[in-house]
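Structural description and commentary
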Amino acid sequence: MTVQDVDTARQDTARQDVTRQSTARHYRRPGWFTRNLFNRSVMLSTRIGLSLWGSRVLEVRGRTSGEIRRVPVNLLDLDGQQYLVSARGHGQWVRNVRAAGGELSLVLGRRRTGYQAVELTDEEKVPVLRAYLAKWKAEVGVFFDGVGPDSTDEELARIAPRHPAFVLTRR
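Everything numeric in this text was worked out from a predicted model, so none of it was measured.

Criteria and cut-off values
- Residues numbered from 1 in each chain as written.
- Predicted model: local features only at pLDDT ≥ 70, side-chain atom pairs only at ≥ 80, totals over all residues.
- Heavy atoms only, no water.
- Helix = DSSP H or I, 4+ residues; strand = E, 2+ residues; numbered from the N terminus.
- Buried < 20%, exposed > 50% of the residue type's maximum accessible area, 1.4 Å probe, protein only.
- Contact = heavy atoms within 4.5 Å.
- Areas by Shrake-Rupley, 256 points an atom, 1.4 Å probe, with all protein chains shown as cover.
- Phe/Tyr/Trp six-rings, centres within 6.5 Å; stacked < 30°, edge-to-face > 60°.
- Pairing = 2+ DSSP bridges.
- Axes fitted to C-alpha atoms, helices over the stretch in contact; angles between N-to-C directions.
- Core = buried A, V, L, I, M, F, W, Y, C linked by side-chain atoms within 4.5 Å.
- Polar contact = N/O pair within 3.5 Å; in protein donor to acceptor, adjacent residues only side chain to side chain.
- Patch = residues over 30% accessible without salt bridge, like charges linked within 9 Å, V, L, I, M, F, W, Y side chains within 5 Å.
- Salt bridge = Lys/Arg side-chain N within 4 Å of Asp/Glu carboxyl O.

What follows is about the overall build of the chain. In terms of helices and strands, the chain carries 5 helices and 6 strands. Along its sequence from the N terminus, the chain presents helices and strands in the succession α-α-β-β-β-α-β-β-α-α-β. Counting only residues that meet the buried cut, the chain has 43% of its 171 residues in that class. Long-range pairs, those at least 24 residues apart, make up 63% of the contacts in the chain with a sequence separation of at least 6. A total accessible area of about 10200 Å² is found for the chain, and carbon and sulfur atoms account for 50% of it.

As structure tokens, then:
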């Protein structure tokens, strides 16, 4: 191995570290309006049985408190599978689902369904992100840095690390 090969390997490792750090930290915190008005109204509607464009209330055990945490999410149906995508990035519900080993429930009205969530790889996310953006771009497009359902696979793959996605199976 030459000195140039070592330098190239170091640069690649440093680039990967920067990418990993920026994606791990990527999270767009909701503002006051979203937290206090929009999310609460969507959760209330969903809890009484009105799904707005596939909305559900996600219930997952908190990773430090152990208490059940609730947040509205969009449930994507694609090719006979169900998916959850975090438009805002690596937020609290994503961290809680990971800590809970993927165990979660989705609520619509009085119906609570238990699921096992498995996180997708970045490559697996591309068609899921495309379908998610095709359905909810008007609502969440601002979180995807100008990438939309008509973007190339390369553009979707570029943003994939910033948006965790899970495939769900019923428990």
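Quick look at the packing of aromatic side chains now. All told, the structure shown has 3 aromatic pairs when counted by the stated rule. Between Tyr-132 and Trp-136 the ring centres are 5.0 Å apart and the planes differ by 55°, which places this aromatic pair in the tilted class. Placement of both Tyr-132 and Trp-136 in helix H4 (residues 122–140) is noted, with a separation of 4 residues, approximately one turn of the helix. In this structure, Tyr-132 and Trp-136 share a single accessibility class: buried. An aromatic cluster of three or more residues is present, and its members are Tyr-132, Trp-136 and Phe-144.

In this section: the sheet that holds strand S3 (residues 81–85). Here we have 6 strands rolled up into a closed barrel, ordered S1-S2-S3-S6-S5-S4, and antiparallel in their pairing. Direction aside, neighbouring strands of the sheet carry axes that sit 45° apart on average. Where strand S2 (residues 68–78) meets S3, 4 bridges bridge the pair, whose relative direction is antiparallel. By the bridge assignment for S3, Leu-78 is matched with Gln-81. Set on the sheet, helix H3 (residues 92–99) makes contact with strand S1 (55–61), S2, S3, strand S4 (103–108), strand S5 (111–119) and strand S6 (165–170); between it and S1 the angle comes to about 50°. Set on the sheet, H4 makes contact with S2, S3 and S6; between it and S2 the angle comes to about 105°.

A separate point is the nonpolar core. Among the nonpolar cores identified, the biggest contains 22 residues, and Leu-76, Tyr-83, Val-128, Tyr-132, Val-140 and Phe-144 are the most heavily contacted of them. Secondary structure elements with two or more residues in this core: S2, S3, H4, helix H5 (153–159) and S6. Tallying contributions element by element places H4 first for this core, with 8 residues. Apart from the residues lying within four places of it in its own chain, the contact partners of Phe-144 are Ala-87, Leu-129, Tyr-132, Leu-133, Ile-159 and His-163. One finds Leu-58, Leu-84, Val-97 and Phe-166 within the second-largest nonpolar core, a separate group that totals 14 residues.

Inspection of the secondary structure puts Ser-151 in the loop between H4 and H5. With relative accessibility at 12%, the residue Ser-151 sits in the buried group. Only 2.9 Å separates the side chain of Ser-151 from the backbone nitrogen of Gly-148, close enough to count as a polar contact. Those residues in contact with Ser-151 that sit more than four places away from it in its chain are Arg-130, Gly-146 and Leu-156.

What follows is about a nonpolar patch on the surface. Judged by side-chain polarity, Leu-44, Ile-48 and Leu-50 come together as a nonpolar surface patch covering roughly 330 Å² of accessible area. Relative to the helices and strands, Leu-44 resides in helix H2 (residues 32–47).

Below, the discussion takes up the pattern of salt bridges. A side chain with one charge may pair with a side chain of the opposite charge, provided their charged atoms come close. Counted by the stated rule, this structure contains 7 salt bridges. A salt bridge links Arg-171 to Glu-103; its shortest N-O distance comes to 3.6 Å. One end of the pair, Arg-171, is in the segment after S6; the other, Glu-103, is in strand S4, and 68 residues separate them in sequence. Under the relative-accessibility criterion, Arg-171 is labelled exposed at 54%. We note a salt bridge from Arg-162 to Asp-145, for which the minimum N-O separation is 2.9 Å. Taken together, the residues Arg-162 in the loop between H5 and S6 and Asp-145 in the loop between H4 and H5 connect sequence positions 17 residues apart. Classification of Arg-162 by relative accessible area gives partly exposed; the value is 28%. Given a relative accessible area of 33%, Asp-145 falls into the partly exposed group.

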